[in-house]
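Overview (structure and organization)
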Amino acid sequence: MRSTLISAILTSALVSANPHLGMPGWEPAGPDDFRGPCPMLNTLANHNFLPHDGKGITEEVAVQALTAGLNFNATLAALMFKMAVVANPEPKATFFTLDHLNQHNVLEHDASLSRSDAFFGNNHVFNKTIFDETRAYWTGPVLDVNMLANGKIARQINSKAYNPEYTFTESMENFSLGEVAAPIIVFGDLQTRTVDRALIDYFFENERLPTELGWTKPANALTQDDVLAVSQAISEAANLITPSEPGHAGKRGDLHSGLGV
C-alpha cells in the first residue's frame, strides 16, 4: 500500500511539473525494467504513468494511469485492469507486472501487429519486420477501419501459413479487435473512425505518446461503448464476404449452380 501511495504521489508531481504536455516526461525502459507485448501499457510505463519498472500494477495504479494518460473513464480503466490481472499466475492476484503479460496464449497471442509469434522467439519486443508487414496495408496518410482490418487479416494469414503452432481462438479474436481499434480510439476521430498514420507509426516505433506531433489526450472520457463501437467496425471491415446483390442473397440455386448441379 505504501509503495502504491508513493507511486501515486510521484505521478501526480510529474504531471504537475509538465503542464504544457499535461503528462510526465518520457524515458525508455532500462535493463531492469519489465515490459510486455502491449505497446500502450509499455508507453504508459515509459511516461511514468505506470511504474517505470513495470512492476506492482494494482487496480488503483492502473486506473490512475489510464485516466490520467489516455482519459479512459474509471469503468473502462477498471475493466482493462481486470482483463490484465489474470496473467498473474498467483491465485486471487491483486496486481500484475508487464512481464506477466508475456505468457503466451493468455492475453498475448499470435499474429500481433508489431511482435513476432512466440514460436519464433521473443514475443514482446517491437519487431520492425513484423510491423512493416502490417503497415504495408496502410495505404494512405489517414488510416480508416478498412486499412487497419486489412493489416490484421494479413498478419493472421502470415502467422497461420508459417507458424506450425498458430493459435487464434474466438476470445483472442475479440481481444485482437480491441487492439486493432485502439489507434482510432486513443489517437483518432471516433466519429469518422480515422486516425493520422504518422501518429500511429510514431507510437509503435517509439512506445511514446505522440505529443511532439501535436497529439493531446481525448477531451471527452473514453468509454466501453467507444471501444465496442470501433471494434465492431473493425470486425465488419475484416469480413471478406461482400454484400450480395439485391435479390440474390440466400438463394439455394446459387449454391447448386456453383456445384454444377
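Since this is a predicted model, take the numbers as computed values, not measurements. (Residues numbered from 1 in each chain as written. Predicted model: local features only at pLDDT ≥ 70, side-chain atom pairs only at ≥ 80, totals over all residues. Heavy atoms only, no water.)

Right, let's talk about the overall build of the chain for a bit. For the chain, the helix and strand inventory stands at 10 helices and 4 strands. Along the chain, from the amino end to the carboxyl end, the secondary structure elements read α-α-β-α-α-β-α-β-α-α-β-α-α-α. Out of the 261 residues belonging to the chain, those deemed buried represent 43%. Sequence-distant contacts in the chain: of pairs separated by 6 or more residues, those separated by 24 or more amount to 57%. Just so you have it, the chain exposes about 13600 Å², and 57% of that area is on carbon and sulfur atoms. (Helix = DSSP H or I, 4+ residues; strand = E, 2+ residues; numbered from the N terminus. Buried < 20%, exposed > 50% of the residue type's maximum accessible area, 1.4 Å probe, protein only. Contact = heavy atoms within 4.5 Å. Areas by Shrake-Rupley, 256 points an atom, 1.4 Å probe, with all protein chains shown as cover.)

Looking now at the side chain of Ser-116. Relative to the elements of secondary structure, Ser-116 occurs in the loop between β2 (95–96) and α5 (128–135). Sequence-distant contacts of Ser-116, defined by excluding residues within four places in its chain, comprise Asn-122, Asn-123, Asn-127 and Ile-130.

Judged by side-chain polarity, Phe-119, Phe-120 and Tyr-162 come together as a nonpolar surface patch covering roughly 370 Å² of accessible area. Considering the arrangement of structural elements, one finds Tyr-162 in helix α6 (residues 145–162). (Patch = residues over 30% accessible without salt bridge, like charges linked within 9 Å, V, L, I, M, F, W, Y side chains within 5 Å. Salt bridge = Lys/Arg side-chain N within 4 Å of Asp/Glu carboxyl O.)

Tallied over the full model, the rule gives 11 salt bridges. Note that Asp-201 is salt-bridged to Arg-197, the shortest N-O span being 3.2 Å. Taken together, the positions of Asp-201 and Arg-197, both in helix α8 (residues 197–206) and 4 residues apart, correspond to about one turn of that helix. For Arg-208, the salt bridge goes to Glu-212, with nearest N and O atoms at 3.4 Å. What emerges from the salt-bridge pattern is a single network uniting Lys-128, Asp-132, Arg-135, Arg-197, Asp-201 and Glu-205.

What follows is about the packing of aromatic side chains. Scanning all chains against the criterion turns up 9 aromatic pairs. Taken together, a centroid distance of 5.9 Å and an interplanar angle of 40° make the contact between Phe-81 and Phe-96 tilted. Here Phe-81 is found in helix α4 (residues 74–85), whereas its partner Phe-96 is found in strand β2, with 15 residues between them in sequence. Judged by relative accessible area, which is 6%, Phe-81 ranks as buried. On the basis of relative accessible area, Phe-96 is assigned to the buried category, the value being 2%. Aromatic side chains Phe-187 and Trp-215 sit 5.3 Å apart centroid to centroid with 65° between the ring planes, which places their arrangement in the edge-to-face category. Residue Phe-187 is located in helix α7 (residues 170–187), and its partner Trp-215 is located in the loop between α8 and α9 (224–237); the two are separated by 28 residues in the primary sequence. The same class applies to Phe-187 and to Trp-215, which are both buried. (Phe/Tyr/Trp six-rings, centres within 6.5 Å; stacked < 30°, edge-to-face > 60°.)

Let us look at the nonpolar core. Phe-96, Phe-187 and Ile-234 are the most contacted members of the largest nonpolar core, which has 55 residues in total. Put simply, the parts of the chain that give this core at least two residues each are α2 (39–46), α3 (59–70), α4, α6, α7, α8 and α9. Among the elements that take part in this core, α7 stands out by supplying 7 residues, more than any other. Apart from the residues within four sequence positions on either side, Phe-187 is in contact with Met-40, Ala-182, Val-195, Leu-199, Ile-200, Phe-203, Leu-209, Pro-210 and Trp-215. (Core = buried A, V, L, I, M, F, W, Y, C linked by side-chain atoms within 4.5 Å.)

So, on to unusual backbone geometry. With a phi angle near 55°, Lys-92 is a residue other than glycine that sits in the positive phi range. Summarising the element assignment, Lys-92 is placed in the loop between α4 and β2. Residues other than glycine seldom take positive phi values, yet Arg-193 does so here, at roughly 55°. Take Arg-193: it is sitting in the loop between α7 and β4 (194–196).

In the predicted model, the chain carries a mean pLDDT of 89, and 85% of its residues have values of at least 70. Segment residues 1–21 is flagged for pLDDT under 50; beyond a separation of four residues in sequence, or across chains, it makes 19 contacts in the model. (pLDDT = per-residue confidence, 0-100.)

This part takes up the packing of α5 against α6. Contact geometry for α5 and α6: axes closest at 7 Å, N-to-C directions at 125°. On the basis of their axis angle, the class for α5 and α6 is oblique. Contacts between α5 and α6 involve Ile-130, Glu-133 and Thr-134 from the first element and Gly-151, Arg-155 and Asn-158 from the second. Of the residues belonging to the contact of α5 with α6, the class tally is 1 nonpolar, 3 polar and 2 charged. (Axes fitted to C-alpha atoms, helices over the stretch in contact; angles between N-to-C directions. Parallel < 35°, antiparallel > 145°, perpendicular 65-115°, else oblique. Nonpolar A, V, L, I, M, F, W, Y, C, P; charged D, E, K, R; others polar.)

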